[in-house]
Amino acid sequence: MKKEILIGLLIALTIGVFLSPFASSFPDGLEKTAEDLHFLNKGEGKEVITSPIPDYAIPGISNEGLATAGAGLVGTLIVFGAVYGLGKIVQGRKENQTKSF
Amino acid sequence: MHIPDGFLDAKVWTTMSVVTGGTAGYAIKQVNKKLGERQIPLMGVMGAFIFAAQMINFPVAGGTSGHLLGSALAAILLGPWSAILVTTANFIIQCLLFQDGGLTALGANVFNMGILGCLVGYAIYQGIRKMVGGDKGIIIGAGVAAWCSVMLAATGTSLALAFSGTVPLNVVIVPMLAIHALVGIGEAVITVAAVQYILKVRPDIIYDVPKV
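Residues numbered from 1 in each chain as written. Chains lettered and ligands numbered in written order. Predicted model: local features only at pLDDT ≥ 70, side-chain atom pairs only at ≥ 80, totals over all residues.

(A) Main features of the overall build of chain B. Broken down by element type, chain B carries seven helices and two strands. In sequence order, chain B lays out its α and β elements as α-α-β-β-α-α-α-α-α. Rg of the C-alpha trace for chain B: 17 Å, near the compact-globule value of 17 Å for 212 residues, within the 12% margin. (Helix = DSSP H or I, 4+ residues; strand = E, 2+ residues; numbered from the N terminus. Rg over C-alpha atoms; globule rule 2.2 N^0.38 Å.)

(B) Representation of the packing of helix H6 (residues 134–163) of chain B against helix H7 (residues 169–201) of chain B within the structure. All names here are of chain B. Look at H6 against H7: their axes get within 7 Å of each other, and the N-to-C directions meet at 150 degrees. With respect to their mutual orientation, H6 and H7 come out roughly antiparallel. As for the relative orientation of H6 and H7, their crossing is right-handed in sense. Taken together, the residues of the contact of H6 with H7 sort by class into 23 nonpolar, eight polar and two charged. (Axes fitted to C-alpha atoms, helices over the stretch in contact; angles between N-to-C directions. Parallel < 35°, antiparallel > 145°, perpendicular 65-115°, else oblique. Left-handed = near helix turned anticlockwise from the far one by under 90°. Nonpolar A, V, L, I, M, F, W, Y, C, P; charged D, E, K, R; others polar.)

(C) Structural detail: the interface of chain A and chain B. Facing the 52 residues of chain A at the interface are 55 residues of chain B. Every element with two or more residues in the side of chain A that touches chain B is listed here: helix H1 (2–19), helix H2 (29–36) and helix H3 (64–100) of chain A. Considering only residue class, the side of chain A that touches chain B consists of 28 nonpolar, 13 polar and 11 charged. (Contact = placed C-beta atoms within 7 Å.)

(D) Structural view of H6(B). Given a rise of 1.5 Å per residue, 30 residues ought to cover 44 Å, and the 42 Å separating the end C-alpha atoms of H6(B) matches this to within 8%. Where H6(B) ends, the next residue or the one after it, Gly165(B), has phi of about 75 degrees, a positive value. (Expected span 1.5 Å × (residues − 1).)

(E) Region of interest: the nonpolar core. Membership of the largest hydrophobic core comes to 91 residues, with the highest contact counts inside it found for Met46(B), Ala74(B), Ile76(B), Leu78(B), Val86(B), Ala108(B) and Ala145(B). Not counting residues within four places of it along the chain, the set of residues in contact with Ala74(B) comprises Met46(B), Ile50(B), Ala83(B), Val86(B), Thr87(B) and Cys118(B). (Core = buried A, V, L, I, M, F, W, Y, C linked by C-beta atoms within 7 Å. Buried ≥ 20, exposed ≤ 12 C-beta atoms within 10 Å, placed from the backbone.)

(F) Spatial organisation of the environment of Ile5(A). When you line up the elements, Ile5(A) lands in helix H1. In contact with Ile5(A), not counting residues within four places along its chain, are Pro41(B) and Val45(B).

This is a description of form; function is not addressed.
Here it is as structure tokens:
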């Protein structure tokens, strides 16, 4: 099973790092609709928080492709770690419950 | 299709945050009951794949793009409740670290693009899988569920915008569904390809399919 996990993670990293710089920069369906129906401005400057890696580009890297690839690398690993950790926490609760019975 | 801050009014985003929070809490309870050791790394890989795939916007007609949601795929491979946890974690990280989707819209985004596909998409998949049977049933079910998950997300997003008074429903629903009918084809193609690959290398990974 370890092998499959590694292969899966490698596939995800390949997509996140090597394919992400080639993604389409067209607006997505919601953004395009908001533009066409003139409500895109309702979201301008309304961000409640400031994110460290806005728009999937590592700030300070002038090469756009590298900035995107870096964001893909960081994000893919963070989501893997976060979900793995979440799974362990959810599972850990079960073990504690069994012990306390 | 990530809704930014400013598109939803307070009544809609608080309602959606409560609904999504409650559903995620219920999902944790369900997962807690039967989470096997080997499923945890699989959930991690699914999350990593969904994040990476969502970075890949593919062009559709009319200067628009779309990307994978992955909610139907996650539910097919992990079951609906684990899938909800995976997609929720992904949207939270996208919102906090990458400014994709507003913090106020997080509940609505998780519900529309995650929960709907995980629950309704999964039900559609299981219905078709049982009706058709065999690997063929799995593949057809996966494709149809994937397409439906995108249409459900577009409908949910349109409703949230309309209830917020941002744009009338009859105005927004038509272009949203038209664009996402095409995006959904991409979702179906990627989902079917992934499921076919899993069927070939590790069919036992797929959730709740009777062993032959």
